[in-house]
Amino acid sequence: MVSCPHRIAVVSFLTRLVRPGPAVAGALAVCLLALTGCDDDGRADAGAPGVGDPYFPLAGNGGYDVSHYGLTLSYDPGTGRLTGRAVVTARATRDLAAFDLDLAGLDVRDVTVGGRRAGIRRSGQELTVRPAGAVGAGETFETVVRYSGRPRTLTDPDGSQEGWLPTADGALALGEPVGGMAWFPGDHHPSDKAAYDLTVTVPEGLTAVSNGQLTRATTSGGRTTFTWHTAEPMASYLATLAIGRYEVRRSTTGGGVPVYTAVDPEQADDSRAVLARLPEIMDWATYNFGPYPFSSTGAVVERPGDAEYALETQNRPVFPGAPDTGTLVHELAHQWFGDSVTPRTWRDMWLNEGFATYAEWLWDEDHGGDSAQETFDTLYDEGEDGDEHLWDFPPAKPPGAAHVSGRPVYARGAMVVHMIRRTVGDDAFYDLVQGWTAAHRHGTASTADFTAYVERHAPDEDWAPIWKTWLYGKAKPPRP
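Residues numbered from 1 in each chain as written. Predicted model: local features only at pLDDT ≥ 70, side-chain atom pairs only at ≥ 80, totals over all residues. Heavy atoms only, no water.

Details of the nonpolar core
1) Next: Grouped together as the largest cluster of nonpolar side chains are 137 residues, with contacts concentrated most on Trp183, Leu241 and Phe289.
2) Next: Residues in contact with Leu241, not counting those within four places in the same chain, are Leu73, Trp164, Ala171, Leu172, Ala173, Trp183, Leu198, Val200, Ala208 and Val209. (Core = buried A, V, L, I, M, F, W, Y, C linked by side-chain atoms within 4.5 Å. Buried < 20%, exposed > 50% of the residue type's maximum accessible area, 1.4 Å probe, protein only. Contact = heavy atoms within 4.5 Å.)

So, in structure tokens, the structure goes:
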């Protein structure tokens, strides 16, 4: 095993030299591990406890890429206790003497790597794993974590709640931006996507709904086990688990994609008409944005109060109460923008929300409502519902973690998309959008990737003024 006698000395020196405030503590933690990692050959390192995200520096982990999560869970709503076994399959990107997994709360019983017992250490959201032998760069390795406890509800910098949300008849797991770590250990940053297999056992009479496709449901001894398979890569913030009593309906879109909806019985009547339009919306979105990137679609409708917001969880978005048509369009559009083409960092959030908001404008334009230009003009002249925060900051550079879901990210982001459409014209715009979703299908992308793509797609246009004033400008831009 790796021995690092100089680690304590280096950390001690640095912490005497400077006392980091909360804003830089996460970044310093990443630097400390980078400075102090070692092994007997001077090669193996400790994977960093974060990927250095500009807003969530401890989200994710360095040194490996996850390819698959195998989660076996059992939940009892009566006690609120979750028991889990997570099998994390990953490839080392460098020699690893130790590595981190993100896990907030819960008690870890034991961890094995490659079938051998591993040492562990807990510190905040970090579960540091030290295998019995170093993992070599390029090696695929399997980590098994057995854990249990009462999962936490996490509070985000903007005050919203995520993680594990108890409901009247079960629970709801929501993960944006880092809530997945409340119920399973992993690499919880959108830059690392993986396939999932999730097996959940709950009391008989309850249903467990997750991403992907339901492959099996069996009942024995008063408990029912549901198995869900997500073949396409998924960021952990898009993973969901909804446990409760639901009215389940199955259908298909016009393109043959299976539709699975689960609705709380109290919301069934109010949801029926809008959910009946889901296949129509999916076909419309496919026509405009390109081939649907996943193997199933649908929705989960909870009671109002079970969650504070709708979320584009992969395959089937979650709604707190019956959605209206615009909200359903928005969250389904995210399956292309956010779920398939996923932001590389949380600073790139406008690529999710700007396009999903613009999808609402396009839907209205195509279905007898205001044109996208009219919506743009209304926003520019008056703000949406008199929203004085529309011009607070540029969509591509929120001032901090509490602002990644702020109004400029959504509405000004959509205005950027509309400026691109105005510049190139409708035919070239839809070619550009479909090319973008195809080029980054099941991948991640940054704002710089997007602006470079647009410039390559329309090289004769001068894009600098749009990027400078609409995407990165702090003040309200001049009227176009």
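Brief notes about the sheet that holds strand S15 (residues 213–220)
1) Next: Reading across from one edge, S6-S5-S9-S3-S2-S13-S16-S15 is the order of the eight strands in this open sheet, with mixed pairing throughout. Here the strands that pair on one side only, and so sit at the sheet edges, are strand S6 (116–117) and S15. (Pairing = 2+ DSSP bridges. Helix = DSSP H or I, 4+ residues; strand = E, 2+ residues; numbered from the N terminus.)

Thoughts on the environment of Pro459
1) Next: Position of Pro459 among the secondary structure elements: in the loop between helix H10 (447–457) and helix H11 (464–471).
2) Next: Pro459 sits in the exposed class, given a relative accessible area of 60%.
3) Next: Each C-alpha atom, one on Pro459 and one on Pro265, is 53 Å from the other, the two residues being 194 residues apart in sequence.

Overview of the pattern of salt bridges
1) Next: Enumeration according to the criterion identifies 14 salt bridges in this entry.
2) Next: For the salt bridge of Arg272 with Glu247, the shortest nitrogen-to-oxygen distance reads 3.7 Å. In this pair, Arg272 is assigned in helix H3 (residues 268–275) and Glu247 in strand S18 (residues 247–252), connecting sequence segments 25 residues apart.
3) Next: Exposure remark for Glu247: the relative accessible area of 32% places this residue in the partly exposed category.
4) Next: The residue Arg344 makes a salt bridge to Asp449 at a minimum N-O spacing of 2.9 Å. Taken together, the positions of Arg344 in the loop between strand S22 (342–343) and helix H6 (350–366) and Asp449 in helix H10 put the pair 105 residues apart, joining distant regions of the chain. (Salt bridge = Lys/Arg side-chain N within 4 Å of Asp/Glu carboxyl O.)

Brief notes about the packing of helix H4 (residues 278–289) against helix H9 (residues 426–439)
Each pair of packed helices gets described by two things: the angle between the helix axes and the distance between those axes.
1) Next: Here H4 crosses H9 at 100°, and the two axes come no closer than 8 Å. Classed by the angle they form, the pair H4 and H9 counts as roughly perpendicular. Here Tyr287, Asn288 and Phe289 of H4 come into contact with H9, specifically with Tyr430, Val433, Gln434 and Thr437.
2) Next: Classifying every residue of the contact of H4 with H9 gives four nonpolar, three polar and no charged. (Axes fitted to C-alpha atoms, helices over the stretch in contact; angles between N-to-C directions. Parallel < 35°, antiparallel > 145°, perpendicular 65-115°, else oblique. Nonpolar A, V, L, I, M, F, W, Y, C, P; charged D, E, K, R; others polar.)

A closer look at the sheet that holds strand S7 (residues 119–123)
1) Next: A sheet is described by the order of its strands in space; here four strands give the open sequence S1-S4-S8-S7, paired in mixed fashion. In this open sheet, the two edge strands, each paired with only one partner strand, are strand S1 (45–46) and S7.
2) Next: Looking at chain direction, strand S4 (residues 96–102) and strand S8 (residues 126–130) are connected through four bridges and run antiparallel. Across the sheet, the residue bridging to Leu101 is Leu127, located in S8.

Some words on empty space enclosed by the protein
1) Next: Under the defined criterion, the tally for this structure stands at two cavities of 30 Å³ or more.
2) Next: Of the pockets and cavities examined, the largest cavity occupies roughly 50 Å³.
3) Next: When residues of the lining of the largest cavity are traced back to their parent elements, those giving at least two are strand S13 (194–203) and strand S16 (223–234).
4) Next: Examining the composition of the lining of the largest cavity, we find that three residues originate from one element, S16, more than from any other.
5) Next: For the lining of the largest cavity, the per-class residue count stands at seven nonpolar, three polar and no charged.
6) Next: The volume enclosed by the second largest cavity comes to roughly 30 Å³.
7) Next: Contributing to the lining of the second largest cavity are Phe289, Phe355, Tyr358, Leu362, Val417, Phe429, Tyr430 and Val433.
8) Next: Split into classes, the residues belonging to the lining of the second largest cavity amount to eight nonpolar, no polar and no charged. (1 Å grid on protein atoms, 1.4 Å probe; cavity = no way out; pocket = protein on both sides within 12 Å on 5 of 7 lines; lining within 4 Å. Points joined across faces, edges and corners; volume = space filled by probe spheres on them.)

Re the side chain of Asp339
1) Next: Examined against the element boundaries, Asp339 turns out to sit in the loop between helix H5 (325–333) and S22.
2) Next: There is no salt bridge for the buried Asp339, and the closest opposite charge comes from Lys193, which lies 7.9 Å off by N-O distance.
3) Next: Every residue in contact with Asp339, bar those within four places of it in the chain, is listed here: Lys193, Leu238, Phe294, Glu312, Thr313, Gln314 and His334. (Lys, Arg positive; Asp, Glu negative; His and termini not counted.)

Observations regarding the confidence of the model for the protein chain
1) Next: With 90% of its residues at a pLDDT of 70 or more, the protein chain has an overall mean of 91.
2) Next: Predicted confidence is poor over residues 1–42, with pLDDT under 50, and the contacts of this stretch with residues over four places away or in other chains come to 47 contacts. (pLDDT = per-residue confidence, 0-100.)

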